[in-house]
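Geometric and topological summary
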Amino acid sequence: MNVYEFTVTARDGSEVGLSDYQGKVLLIVNTATGCGFTPQYKELQELYEAHHADGLEILDFPCNQFGEQAPGSDEEIHTFCAGRFGITFPQFAKVDVNGDHAIPLFRWLTANTKFEGFDKLHPIGMLLSTMLKKQDKNYKESSSVKWNFTKFLIGRDGEIIARFEPTANMKRVKAAVEEAL
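Every value quoted in this text rests on a predicted model; they were computed, and no experiment measured them. (Residues numbered from 1 in each chain as written. Predicted model: local features only at pLDDT ≥ 70, side-chain atom pairs only at ≥ 80, totals over all residues. Heavy atoms only, no water.)

Take the pairing of strand S3 (residues 25-31) next. Within a regular strand, side chains alternate between the sheet's two faces. Burial within S3 is extensive, with 7 of its 7 residues counted as buried. Neither face of S3 is left uncovered, since the one carrying Val25, Leu27, Val29 and Thr31 and the one carrying Leu26, Ile28 and Asn30 both have all their residues buried. As defined by bridge partners, S3 adjoins strand S4 (residues 56-62) across 7 bridges and the pair is classed as parallel. Across the sheet, isoleucine 28 pairs through a bridge with leucine 59, a residue of S4. Once you follow S3 into helix H1 (residues 40-51) and on to S4, the crossover reads as right-handed. (Buried < 20%, exposed > 50% of the residue type's maximum accessible area, 1.4 Å probe, protein only. Helix = DSSP H or I, 4+ residues; strand = E, 2+ residues; numbered from the N terminus. Pairing = 2+ DSSP bridges. Right-handed = clockwise from strand over helix to strand, strands pointing away.)

Before going further, it helps to spend a moment on the packing of H1 against helix H5 (residues 170-180). At a closest axis distance of 11 Å, the pairing of H1 and H5 adopts a crossing angle of 25 degrees. Between H1 and H5, the crossing angle belongs to the class labelled roughly parallel. In terms of crossing hand, the pair formed by H1 and H5 is right-handed. Taking contact as the criterion, the partners of Gln40, Glu43, Leu44, Leu47 and His51 in H1 are, on H5, Met170, Lys174, Val177 and Glu178. (Axes fitted to C-alpha atoms, helices over the stretch in contact; angles between N-to-C directions. Parallel < 35°, antiparallel > 145°, perpendicular 65-115°, else oblique. Left-handed = near helix turned anticlockwise from the far one by under 90°. Contact = heavy atoms within 4.5 Å.)

For the structure shown, the criterion picks out 13 aromatic pairs. Note on phenylalanine 6 and tryptophan 108: the rings are 5.5 Å apart at their centroids and 40 degrees apart in plane angle, and the pair reads as tilted. A residue pair is termed long-range when its members are at least 10 positions apart, and phenylalanine 6 in the segment before strand S1 (7-9) and tryptophan 108 in helix H3 (residues 104-111) qualify at 102 residues. Just as phenylalanine 6 is buried, tryptophan 108 falls in that class too. Within the aromatic cluster, the residues linked to one another by ring pairs are Tyr41, Tyr48, Phe80, Phe85, Phe89 and Phe149. Over the aromatic face of phenylalanine 115 sits the side chain of lysine 146, whose NZ or CZ is 5.0 Å from the ring centroid. (Phe/Tyr/Trp six-rings, centres within 6.5 Å; stacked < 30°, edge-to-face > 60°. Lys NZ or Arg CZ within 6 Å of the ring centre and 35° of its normal.)

Taking burial as the measure, the 7 residues of S4 include 7 buried ones, the bulk of the element. Of the two faces of S4, both are covered, the one formed by Leu56, Ile58, Asp60 and Pro62 as well as the one formed by Glu57, Leu59 and Phe61.

So, about H1. Under the 1.5 Å per step criterion, the end-to-end length of H1 is 16 Å for 12 residues, consistent within 8% with the ideal 16 Å. Looking only at H1, the buried set comprises Gln40, Tyr41, Leu44, Gln45, Leu47, Tyr48 and His51. Looking straight down H1, one finds its buried side chains confined to an arc of 160 degrees; they lie on one side. What points out from H1, more than 90 degrees from its buried face, is the exposed set Lys42 and Glu49. Looking at the packing, one finds that the buried side of H1 touches S3, S4, helix H2 (74-85), strand S5 (151-154) and H5. (Expected span 1.5 Å × (residues − 1). Arc of directions from axis to C-beta.)

The following block contains the structure:
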């Protein structure tokens, strides 16, 4: 199984086969508009502009599961992201990435990766770690998505190359994307 076998829902409610992206390098991200990581949209857009012509696609999946930080309709979220950060990469319908209602794509992504840990040097890293440890002392053992802006890098062959937690330095993400291209 690879990423091309999944179908996802576009903002307009239509179904999109990820096979449409065959041969591209994909960065799949669960996002939120009211999160401490929301400024990463700017860096993601810069990465997209720099490498879209080389075969990069960033697939944005808003998710309201973490602190309810993605309120609003799909169109409201898109209007915010396009207006504030100028995003031009594909943004899909809001999804669940964990739990009983998680879409199959994210079930596959998390089943085939492991939690990489938060960067303790990132200003939010220690906060997230402390908060999640209070909820579940064994949270590090699960491969579930822990927070907004978790990124999954997919190679041109549809296979997972890497997973980046939200606290991962975007320079590391960029370097991995460039290597995959």
